[in-house]
Amino acid sequence: MRTISENKCFGGMQGVYAHASEATGTEMTFGLFLPAEAEDRPVPVLWYLSGLTCTHENAMVKAGAQRYAAEHGVALVFPDTSPRGEGVPNDDAYDLGQGAGFYVNATEAPWAEHFQMWDYVAEELPRIITASFEIDEERQAITGHSMGGHGALTLAMSLPGRFRSVSAFAPIAQPTASDWGRKQLGAYLGADESTWLAHDATHLMRERGFDGEVLVDQGASDQFLDLLRPEALAQAMAARRQPGLFRMQAGYDHSYFFVSTFIADHVAFHAEALWQ
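To keep things clear, this report deals only with the structure shown in the data block. (Residues numbered from 1 in each chain as written. Predicted model: local features only at pLDDT ≥ 70, side-chain atom pairs only at ≥ 80, totals over all residues. Heavy atoms only, no water.)

**Some points on helix α3 (residues 117-132)**
Reasoning step 1: Along α3, the sharpest change in direction is near 35° and occurs at E124; proline P126 comes one to four residues later.
Reasoning step 2: Inspection of α3 places M117, W118, Y120, V121, A122, E124, L125, P126, I128 and I129 among the buried residues, and these make up the whole buried set.
Reasoning step 3: For α3, the secondary structure elements touched by its buried residues are β2 (12-20), β3 (27-34), β4 (43-49), β5 (75-79), β6 (135-144) and α4 (147-158). (Bend = angle between axes of the 7 residues up to and from the residue. Helix = DSSP H or I, 4+ residues; strand = E, 2+ residues; numbered from the N terminus. Buried < 20%, exposed > 50% of the residue type's maximum accessible area, 1.4 Å probe, protein only. Contact = heavy atoms within 4.5 Å.)

**Things to note about the packing of α3 against α4**
Reasoning step 1: In contact at an axis separation of 12 Å, α3 and α4 are set at 60° when each is read in the N-to-C sense. One element, α3, and the other, α4, form an angle in the oblique class. For the pair α3 and α4, the sense of crossing is right-handed. For the pair α3 and α4, contact is made by W118, V121 and A122 and by T154, L155 and S158, respectively.
Reasoning step 2: Taken together, the residues that form the contact of α3 with α4 break down as four nonpolar, two polar and no charged. (Axes fitted to C-alpha atoms, helices over the stretch in contact; angles between N-to-C directions. Parallel < 35°, antiparallel > 145°, perpendicular 65-115°, else oblique. Left-handed = near helix turned anticlockwise from the far one by under 90°. Nonpolar A, V, L, I, M, F, W, Y, C, P; charged D, E, K, R; others polar.)

**Some details on the layout of surface pockets**
Reasoning step 1: Roughly 190 Å³ of internal volume is contained in the largest pocket.
Reasoning step 2: What lines the largest pocket is a set of 13 residues, among which L52, H145, S146, F224 and H254 lie closest to the centre.
Reasoning step 3: Looking at the lining of the largest pocket, its residues break down into six nonpolar, seven polar and no charged. (1 Å grid on protein atoms, 1.4 Å probe; cavity = no way out; pocket = protein on both sides within 12 Å on 5 of 7 lines; lining within 4 Å. Points joined across faces, edges and corners; volume = space filled by probe spheres on them.)

**Focus: the pattern of salt bridges**
Reasoning step 1: Scanning all chains against the criterion turns up eight salt bridges.
Reasoning step 2: Where E193 meets R182, a salt bridge forms, and the shortest distance between an N and an O atom there is 2.6 Å. Taken together, the positions of E193 in the loop between α5 (179-189) and α6 (201-207) and R182 in helix α5 put the pair eleven residues apart, joining distant regions of the chain.
Reasoning step 3: Using a relative accessible area of 38% as the deciding quantity, one classes E193 as partly exposed.
Reasoning step 4: A residue is classified by how much of its surface remains accessible, and R182, at 33% relative accessible area, is partly exposed.
Reasoning step 5: Beyond isolated ion pairs, a larger network of salt bridges with shared partners links D217, R247 and D265. (Salt bridge = Lys/Arg side-chain N within 4 Å of Asp/Glu carboxyl O.)

In structure tokens form, the structure reads like this:
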């Protein structure tokens, strides 16, 4: 692992690091904010998964999460959204290929060789950060925006006991029934739609739910509402009687202005679970 940058931030340290990934077969870059408490002891960690077209940098510089993470003594991890580099396949469209990994393990050509983002986020990167930094692997939570909200919800419900809480900003809530999902899941996982269900938050909510609290914020003026299908997830949460809260936020769109408005609520929500 090599250090790209480290900057003092709210009494802690905002770092950017790169490493050779076995999962993707490429160099991967991630951001990590460590609060001041990490100088003395392992601290809880909140994972932030970003959306389409993003890198590790978008949420790191736009969400304003470090201020609140510092207040609660929580680390933040900002992974990249896909493998990148020479030889990594791509697509002319913004919603497939580099910047659009969808947090799945691809099984189809040309994606399968490098697009193993589930294994990277669920297994490899957690091993790296807990081995290299003062991170308490027993106290983890996860959040994300849009495609990252999809990833946060599916990872949390598929890995029981891993995360103490999960939240999402405008998640792609039912990709198997949306043009933002069917295209990508078909490309990455193939034509057998039964394999897609493991990456559909609404389906997972109906079938198993989450073993903790859930918080979802959705902008009511989001320009992508028809693609996100938030009503399907809200209905599944209600039908399952899932502990948590689904909030429609009047006037807010899909941008980081929306995320930064409510990020304090989400960090506090996770901190409460992480410090129990």
